[in-house]
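Residue strings, one per chain:
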Amino acid sequence: MHYTIYVDLVWLVQCYINGILLIWIKFFLRKESTILRILFAVLIGGIGNTFVILLCNEGIQRKFMLIVPVFITIFLFLVNLGMFRIAFGKQNRKGYIKLMGTYWVVAIAFAGFLSFSPQLESGFHTNRGFLSVSGKELLIKGIVFLIILPIVNQLYQKIKLNRTQCYLLEFEHRGKKVRGMGLLDTGNCLRNYQNNEPVVIAEYQFMKELFSAEEQEYLEKMLDWNCDIENKNIKVVYIPYHSLGESQGLLLGVYIEQLGIYLGNERKQIMHNLVGLYPGKISIKEEYQVILHTDCVEAKDNMR
């Protein structure tokens, strides 16, 4: 049996499916992106997937029986990495693994949704692996799949928060932003002894992107206790503590303009937050970079 492949239609279908998957990933993992970046990633991913589909014909597979499957696997892996890089920016190794895993979980869920939901009739059909669906069916079910995203995402975030007590955080300072994870530690009772305000503890390596090169140099000297000159741009506070791997000591603290804490679908914003800079790693497995004070989560917005 011979099939006629319309490359333009195959490319459009692949772009549509990749767009749905990337939007789900953006919401589930709370990744920062723009419509243009996702659109560009979708276009590139569509080209890569279309090329793979063109390779999956009997003639090429018979001629290069062993090479084609290996090549397709490696090529698809690189295409996915390229899409993630374009859509969500540069990631570390753990970030790419998380994106890849989420992409295929959502892809399988979408395939199941197409297979087991009610069938629609149409003259145009598209094949994707073991699926054969009409163009109308793919369009409508794709839209429905996006509509149910907020409901599924809200349920997922609630389950995640109840299980880990880790929250997505966003620090903003002088127009610069960093995102990471914070652990709510009920044992963190650290406060500024001068005014009793709660202290959030964060890794310096995580926070340093918020500061200029000159400020980073100053803070690093302060962390090494190798500087006795004040910097007018940074207000430094010394905070006594009794943990963090030592019996006691002083923690270098700085004020950050804004701290956003994502509680499910809600974003709590705290202004002018005191952050203690820890020079080492807070989490050995790098699951989080910040230790939250309970007052930060329970406080009202714009706490100062």
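In this text, all values refer to a predicted model and were calculated from it rather than measured experimentally.

**Overview of the nonpolar core**
Phe171, Met207, Leu219, Ile261 and Leu292 are the most contacted members of the largest nonpolar core, which has 30 residues in total. The element that contributes the greatest number of residues to this core is strand E7 (residues 249-263), accounting for 6 residues. Core analysis: the next-biggest nonpolar cluster, separate from the first, contains 28 residues, Trp24, Ile25, Phe28 and Ala87 among them.

**A word on the packing of aromatic side chains**
Geometry of an aromatic ring pair is reported as the spacing of the ring centres plus the angle between the planes. One pass over the structure, following the stated rule, counts 10 aromatic pairs. On the numbers, 6.3 Å between centres and 70° between planes, the contact of Phe171 with Phe206 is edge-to-face. Taken together, the positions of Phe171 in strand E3 (residues 166-173) and Phe206 in helix H8 (residues 204-207) put the pair 35 residues apart, joining distant regions of the chain. Neither Phe171 nor Phe206 differs from the other in exposure class; each is buried. A network of ring pairs unites the aromatic residues Trp24, Phe28, Phe110, Phe113 and Phe145 as a single cluster.

**Thoughts on the packing of helix H1 (residues 7-29) against helix H2 (residues 35-55)**
Close contact between H1 and H2 brings their axes to 7 Å; oriented N to C, the two are set at 130°. Classified by the angle between their axes, H1 and H2 sit oblique to one another. Seen along the crossing, H1 lies across H2 with a hand that is right-handed. Between H1 and H2, the contacting residues are Val7, Val10, Trp11, Gln14, Cys15, Asn18, Gly19, Leu22 and Lys26 on the first element and Ile38, Ala41, Val42, Leu43, Gly45, Gly46, Ile47, Asn49, Thr50, Ile53 and Leu54 on the second.

**Focus on unusual backbone geometry**
Here the phi dihedral of Arg174 falls at roughly 55°; this positive angle occurs in a residue that is not glycine. Residue Arg174 is classed as partly exposed on the basis of its relative accessible area of 41%.

**Section: the pattern of salt bridges**
When the charged atoms of two side chains lie near each other, side chains of opposite charge can form a pair. Scanning all chains against the criterion turns up 7 salt bridges. A salt bridge links Glu170 to Arg179, with the nearest nitrogen and oxygen atoms 3.1 Å apart. In this structure, the salt-bridge partner of Arg191 is Asp295, at a minimum N-O distance of 2.4 Å. Here Arg191 is found in the loop between strand E4 (176-184) and strand E5 (199-203), whereas its partner Asp295 is found in helix H10 (residues 294-298), with 104 residues between them in sequence. Look at Arg191 and you get partly exposed, because its relative accessible area is 27%. Since its relative accessible area comes to 24%, Asp295 is described here as partly exposed. Within the structure, one salt-bridge network assembled from shared partners comprises Glu32, Glu170, Arg179 and Arg267.

**Some words on the side chain of His293**
Tracing the backbone shows His293 in the loop between strand E9 (290-292) and H10. Among the polar contacts made by the side chain of His293, one reaches the main-chain amide nitrogen of Asp295 at a distance of 3.1 Å.

**Side note on the packing of H1 against helix H5 (residues 93-116)**
Where H1 meets H5, the axes come as close as 9 Å, and the angle between the chain directions of the two elements is 125°. Classed by the angle they form, the pair H1 and H5 counts as oblique. Once H1 is placed against H5, the crossing between them reads as right-handed. The residues of H5 that touch H1, namely those facing Ile17, Asn18, Ile20, Leu21, Trp24, Ile25 and Leu29, are Lys98, Leu99, Thr102, Tyr103, Val106, Ala107 and Phe110. Looking at the contact of H1 with H5 residue by residue, the class counts come to 11 nonpolar, 2 polar and 1 charged.

**Details of H2**
For H2, spanning 21 residues, the distance from its first C-alpha to its last is 30 Å, which sits close to the expected 30 Å at 1.5 Å a residue. Ile38, Ala41, Val42, Gly45, Gly46, Gly48, Asn49, Thr50, Val52 and Leu55 are the residues of H2 that are buried.

**Notes on the pairing of E4**
Here 8 bridges tie E3 to E4, and the two strands are oriented antiparallel to one another. Within E4, the position partnered with Leu168 by the bridge is Met181. Alignment of E4 against E9, held across 3 bridges, turns out to be parallel. When the sheet's bridge partners are listed, Leu184 is paired in E9 with Leu292.

**A closer look at the pairing of E7**
Burial of E7 is extensive: 12 of the 15 residues sit out of reach of the surface. The pairing of E3 with E7 spans 5 bridges and is antiparallel. Note on E7: the bridge partner recorded for Glu170 is Gly260. Both strand E6 (residues 236-241) and E7 contribute to a ladder of 6 bridges, which runs antiparallel. Its bridge partner being in E7, Val237 is matched across the sheet by Gly253.

**Structural notes on the environment of Phe27**
Residue placement: Phe27 occurs in helix H1. Accessibility expressed as a relative area gives 42% for Phe27, which makes it partly exposed. C-alpha of Phe27 to C-alpha of Asn265: the two residues are 238 residues apart in sequence and 10.0 Å apart in space.

What counts and how
- Residues numbered from 1 in each chain as written.
- Predicted model: local features only at pLDDT ≥ 70, side-chain atom pairs only at ≥ 80, totals over all residues.
- Heavy atoms only, no water.
- Core = buried A, V, L, I, M, F, W, Y, C linked by side-chain atoms within 4.5 Å.
- Buried < 20%, exposed > 50% of the residue type's maximum accessible area, 1.4 Å probe, protein only.
- Helix = DSSP H or I, 4+ residues; strand = E, 2+ residues; numbered from the N terminus.
- Phe/Tyr/Trp six-rings, centres within 6.5 Å; stacked < 30°, edge-to-face > 60°.
- Axes fitted to C-alpha atoms, helices over the stretch in contact; angles between N-to-C directions.
- Parallel < 35°, antiparallel > 145°, perpendicular 65-115°, else oblique.
- Left-handed = near helix turned anticlockwise from the far one by under 90°.
- Contact = heavy atoms within 4.5 Å.
- Salt bridge = Lys/Arg side-chain N within 4 Å of Asp/Glu carboxyl O.
- Polar contact = N/O pair within 3.5 Å; in protein donor to acceptor, adjacent residues only side chain to side chain.
- Nonpolar A, V, L, I, M, F, W, Y, C, P; charged D, E, K, R; others polar.
- Expected span 1.5 Å × (residues − 1).
- Pairing = 2+ DSSP bridges.

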